[in-house]
Amino acid sequence: MSHSTPALTEADRLMTVCNSCRYCEGLCAVFPAMELKRSFSDGDLNHLANLCHNCGACYHDCQFTPPHEFAVNVPGTLAQVRAESYAHYAWPKAARPLFARHGTALAIGMTLVTALFILGFVAANEPGALLTAHLDDARFYALLPHEAMVALFGAAFLWMLLAVFMGARAFWRDTGTPQTELRDHTQATLDAARLRYLDGGGMGCFNEDDQPTDRRRLWHHFTFYGFLLCLGATSLATVYHYVFGWEAPYTWHSGPALLGIAGGIGLVIGPLGLLSAKRARMQELGAVGFRGMEVGFILMLLITGASGLALRVLGETALLGPLLALHLGAVLTFFLSMPYGKFVHGLYRYLALSRHARDMRVALAPKR
Amino acid sequence: MAVWDVLVAGGGNAALCAAIAARRAGRSVLVLEKAPKFYRGGNTRHTRNMRCAHDTATGTLTGPYTGDEFMEDLLRVTSGNTDEALSRMMIDRSYEMLDWIQQQGVRFQPSLGGTLSLGRTNSFFLGGGRSMLNALYRTAEGLGVEIRYEHEVTEVEIDGPSFRAATVTTPAGPTRIEARSLVAASGGFQADIDWLKQGWGDRAENFLIRGTPYNKGSLTRALIDSGVRQIGDATQCHAVAIDARAPQFDGGIITRLDCVVFGIVVNKHAKRFYDEGEDIWPKRYAIWGRLVADQPDQIAWILFDAPNLEKFMPSLFPPIEAGSIAELAEKLSLDPAQLVETVETFNASVVGGRPFNHVEPDGNRTEGLTPEKSNWAQRIETAPFYAYPVRPGITFTYLGVRVDDRARMVMQDGQPAENMFAAGEIMAGNVLGQGYAAGIGMTIGAVFGRLAGQGAAAHVS
Ligand SMILES: Cc1cc2nc3c(=O)[nH]c(=O)nc-3n(C[C@H](O)[C@H](O)[C@H](O)COP(=O)(O)OP(=O)(O)OC[C@H]3O[C@@H](n4cnc5c(N)ncnc54)[C@H](O)[C@@H]3O)c2cc1C
Ligand code: HEM
Ligand code: SF4
Ligand code: SF4
């Protein structure tokens, strides 16, 4: 079958090699999924690429890894296909070049948005308000009224949802719109929540060398659950505000604050761990040309988490205004960048795991 | 270290099992591996399973496989051509091997897709042989075994039945290393084409070597020249028919072709030469290497038609495809008229009539043909037509050194060596006089490797 990019062509070649070998069958979901097919469309290969967790096990276990002439590098090739798949399915089309320049876009976006917040705070309020908001009873709403905040972030959030949805829909269609059932999604949720396939088939993952000592699963759990807790904090605050009429600021022992603090800690520890793992990681295992996107995504999460925590700790000082600008700048930039960067990996991976659960269920069902 | 307790030559399964066993007994152990780090563990890198006796099913084995049954299988595949007492000892020790090898970090999984027939007898390595090997290396290094790559043992200093020192070729030039005992686990000699030619003549020029290019038997030669007794001759080996387009060395498992039963096999004169329906896997698989070696230019083609294309495990290279038999012949540079005649004669002789079943002899045969196809005979009639070119692929050779039941080498005079042991391919001929049973290569390496390590350690104390 002919393919639209060199990475997809190489992935197809490797799938032929691996299908003739199958030694890695027990390591993860990718190999059993591959065995169900003999020829692979672009959509199939993108599915497999998003199924791969990049644990590195098959790189070290393969007898044909470079320098062998068969030059089999499954994690590296699938990482390339995966990164390119994010751009391929992005909506609207015009935004696709953003992926390769994601780091620069993020840096510009972050600076611009934060500066606009500061300018806005200064322009809309009395002179000096930026540094005296902590004395006002309304705290940060003194700088940015609640309605304005909701309008701004609500709009950004809805745009993000739409764009992410359109991308995910294109991905799902390209992999053949599998007929999944509830149990497939239960399975996929469990697999995603535990990062089942980020364990090198049970011995642990590989990062800097051939020792299975990788801690990325732990760092990812901090990041992922930290992110979910922060999302929970915001959702709970919304309920408090609209359902109960309890308005911010909330004390540190209130529900939203506790969730936010826990989430913030996760979003600091996790990304720091992921960053240090990334620095040490064998280059062969990764994609070429997407470093800005990958590092940018981790940094955005780190800045969001750290500035949120700082706001909690230093909210009673003159730093409230500038920190608020930084935090809101980070969150807004993050929302806007989500459809055009690594964030979509979570969704595409989830979809791939769902299709996989379905495919395996159907393949293993007794034939009538 | 001026004098090591145990010197292990080689870096595969047999070597590492010996090194770990000796180190666990408290000895200083030096492993010298000829290959660079990536290619360490020669043929072990390419394996996927080992055969051990067990009395009950386990999480990864579908049923019991007793020592008696193992012994029967071995006697059958070797046609009795084995040292029975030694093999029985190995099989008895293979029971413990299942646990022992897992204690060294090796992990198993249920049998691989496409090899279900071995699910009861063979334990499959999770992640394959290189994963298995990496686990052994990690364990050995963790225990304090020293490993040096690109170190080839080329000469041995032997005093009567006693090893003294080895000459080692290294990137920095030759050096001499002394040790109180030696374990030779340096594989067969299959990568030395000149040595193969001593047994096979010029035919060996056309052989493909399925595994490592580093197993050239330099240590085997040195040991035999220094008074160790030889076992086997240069033609004995495991050979199968593999894709002729495979590289000369190290193509591994993915160039195997197990589709002879689905069609016919012709030589360069476009004529059939052997019953393609003689027996089922694994035997049918293991005879075709030798059969093709006996054909002109050591080449043959497996021919089949469209309905069979996806009935067997895929392999690295796609089959050559054509719309007619004559066109296929052109593509293969065979005589079209002859190939058409061969196929037509074959088709006309197919009796068939029973349901096709490639898993067991199905009684679909030809009649009035020389040679007959006694099972799985079906007409080759539906385009497109396909062909795979095949050549003999040598897995490993059996000529090596004689050992006793403690893995000690036996000297010319029949006396056991004092401090020299051997394990793995280098002594496989003691167990395998001919034939092969899937997974036994690793059993030979692991059982004799562990014995050799223990013996070498005990000798030093
Ligand atoms: C494609 C393929 C698939 C196979 N699959 C299976 C299977 O599934 N199950 C099974 O049981 N068997 C299998 N075999 C056979 C199996 O590989 C061997 O029987 C087994 O690996 C032998 O182990 P060993 O340690 O004796 O030799 P090896 O693993 O070959 O190790 C020998 C080592 O010695 C080194 N060496 C050579 N000469 C010297 C020297 N002079 N000094 C120092 N070092 C030296 C080599 O570099 C090599 O690393 C397969 C073989 C091939 C080729
Ligand atoms: C369905 C849910 C998810 C799954 C299955 C998943 C899985 C993975 C996997 C396997 C990796 C490592 C390979 C790679 O770099 O692509 C990874 C990386 C990462 N994930 Fe997730 N993820 C999910 C959701 C999330 C979410 C919601 C976040 C945070 C918002 C997140 C943050 C990260 C980060 C920062 C990395 C980058 C690590 C690096 O580049 O080194 N993930 N994810
Ligand atoms: S990665 Fe290598 S060892 Fe694993 S299945 Fe593919 S070819 Fe085989
Ligand atoms: S890197 Fe890990 S998850 Fe990806 S294909 Fe290899 S073993 Fe599977």
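Everything discussed here concerns the structure shown above.
**Some words on the overall build of chain A**
A count of helices and strands for chain A gives 14 helices and zero strands. Listed N to C, the secondary structure of chain A is α-α-α-α-α-α-α-α-α-α-α-α-α-α in terms of helices and strands. In terms of overall dimensions, chain A is globule-like: its C-alpha atoms have a radius of gyration of 23 Å, near the 21 Å expected for 368 residues. By its C-alpha atoms, chain A is 70 × 45 × 40 Å across when sized along the principal axes. Relative to its full complement of 368 residues, chain A shows a buried share of 51%.

**What about the pairing of strand β12 (residues 237-243) of chain B?**
Residues and elements named next belong to chain B. Here β12 lies mainly inside the structure; seven of its seven residues are buried. Direction of pairing for β12 relative to strand β16 (residues 385-397): antiparallel, over a ladder of seven bridges. Along β16, the bridge assignment pairs A239 with I394.

**Side note on the site of ligand 3**
Residue and element names in this part refer to chain A. As a matter of local geometry, ligand 3 sits amid V17, C18, C21, R22, Y23, C24, F31, C62, Q63, F64, V72 and V74. Here the shell around ligand 3 gets three residues from one element, more than from any other, and that element is helix α1 (residues 6-21). The class makeup of the residues in the shell around ligand 3 is ten nonpolar, one polar and one charged.

**As for the interface of chain A and chain B**
At the interface, 32 residues of chain A touch 38 residues of chain B. Summed over both partners, the interface of chain A with chain B comes to about 2,700 Å²; 53% of that surface belongs to carbon and sulfur atoms. Inspection of the chain A/chain B interface yields one salt bridge. A salt bridge links A:D210 to B:K37, with the nearest nitrogen and oxygen atoms 3.3 Å apart. The interface formed by chain A and chain B includes 16 residue pairs in polar contact (both at pLDDT 80 or more). Among the secondary structure elements, those contributing two or more residues to the side of chain A that touches chain B are α1 and α4 (57-61) of chain A. Take the side of chain A that touches chain B: its biggest share by element is five residues, from α1(A). Split into classes, the residues belonging to the side of chain A that touches chain B amount to 13 nonpolar, twelve polar and seven charged.

**Things to note about helix α5 (residues 193-200) of chain B**
Residues and elements named next belong to chain B. Taken residue by residue, α5 has I193, W195, L196 and W200 as its buried positions. All buried residues of α5 project into a common sector of 155 degrees when viewed along the axis, lining one side. Across from the buried face of α5, at angles greater than 90 degrees, the exposed residues are D194 and Q198. The opening residue of α5 is D192, an N-cap whose side-chain oxygen sits 3.1 Å from the backbone nitrogen of D194. Positive phi appears at G201, one or two residues downstream of α5, with a value of about 70 degrees.

**What about the packing of helix α11 (residues 255-280) of chain A against helix α12 (residues 291-314) of chain A?**
Residues and elements named next belong to chain A. In contact at an axis separation of 8 Å, α11 and α12 are set at 145 degrees when each is read in the N-to-C sense. Viewed along their axes, α11 and α12 form a crossing whose handedness is left-handed. Between α11 and α12, the residues in contact are A257, I261, G264, I265, L267, V268, P271, L272, L274, L275, K278 and R279 and R291, E294, V295, I298, L299, L301, L302, G305, A306, L309 and R312, respectively. Among the residues forming the contact of α11 with α12, the class breakdown is 16 nonpolar, two polar and five charged.

**Some words on the site of ligand 1**
Residue and element names in this part refer to chain B. Close contacts around ligand 1 come from 40 residues, with E33, G42, T44, N49 and M442 the closest. Within the backbone of G10, a nitrogen or oxygen atom sits 3.5 Å from a nitrogen atom of ligand 1. One nitrogen or oxygen atom from the main chain of G42 is found 2.8 Å from an oxygen atom belonging to ligand 1. Compared with its free state, where it exposes 990 Å², ligand 1 has 98% of that area covered by protein. At the level of elements, α1 (13-24), β7 (152-159), α6 (218-225), β16 and α10 (440-460) are the ones that each hand at least two residues to the shell around ligand 1. Counting residues per element, the shell around ligand 1 draws most heavily on α10, which supplies three residues. Partitioning the shell around ligand 1 into residue classes produces twelve nonpolar, 22 polar and six charged.

**So, unusual backbone geometry**
Here the amide bond leading from A:P66 into A:P67 is cis, since omega sits at 15 degrees, within 30 degrees of zero. Take A:P67: it is sitting in the loop between α4 and α5 (74-89). Note the cis peptide between B:T370 and B:P371, where omega equals -10 degrees. Within the secondary structure, B:P371 sits in the loop between α9 (336-349) and β16. Even without glycine at this site, B:E150 takes up a positive phi of about 55 degrees. Within the secondary structure, B:E150 is located in the loop between β6 (146-148) and β7. The exposure class of B:E150 is partly exposed, given its relative accessible area of 41%. Unlike most non-glycine residues, B:A270 shows phi in positive territory, near 65 degrees. Along the polypeptide, B:A270 turns up in the loop between β13 (264-266) and α7 (283-293). Given the relative accessible area of 0%, B:A270 is considered buried.

**Considerations on the sheet that holds strand β5 (residues 122-125) of chain B**
Residue and element names in this part refer to chain B. Strand order in the open sheet formed by three strands is β3-β5-β4, with antiparallel pairing between adjacent strands. Every other strand in the sheet has two partners, leaving β3 (49-51) and β4 (108-109) as the edge strands with one partner each. Running over the sheet, α10 touches β3 and β5 and is turned about 75 degrees from β3.

Rules behind the numbers
- Residues numbered from 1 in each chain as written.
- Chains lettered and ligands numbered in written order.
- Predicted model: local features only at pLDDT ≥ 70, side-chain atom pairs only at ≥ 80, totals over all residues.
- Heavy atoms only, no water.
- Helix = DSSP H or I, 4+ residues; strand = E, 2+ residues; numbered from the N terminus.
- Rg over C-alpha atoms; globule rule 2.2 N^0.38 Å.
- Buried < 20%, exposed > 50% of the residue type's maximum accessible area, 1.4 Å probe, protein only.
- Pairing = 2+ DSSP bridges.
- Near = heavy atom within 4 Å.
- Nonpolar A, V, L, I, M, F, W, Y, C, P; charged D, E, K, R; others polar.
- Contact = heavy atoms within 4.5 Å.
- Buried area = accessible area lost by both parts, 1.4 Å probe.
- Salt bridge = Lys/Arg side-chain N within 4 Å of Asp/Glu carboxyl O.
- Polar contact = N/O pair within 3.5 Å; in protein donor to acceptor, adjacent residues only side chain to side chain.
- Arc of directions from axis to C-beta.
- Axes fitted to C-alpha atoms, helices over the stretch in contact; angles between N-to-C directions.
- Left-handed = near helix turned anticlockwise from the far one by under 90°.
- Areas by Shrake-Rupley, 256 points an atom, 1.4 Å probe, with all protein chains shown as cover.

No statement about biological role is implied by the geometric values presented.
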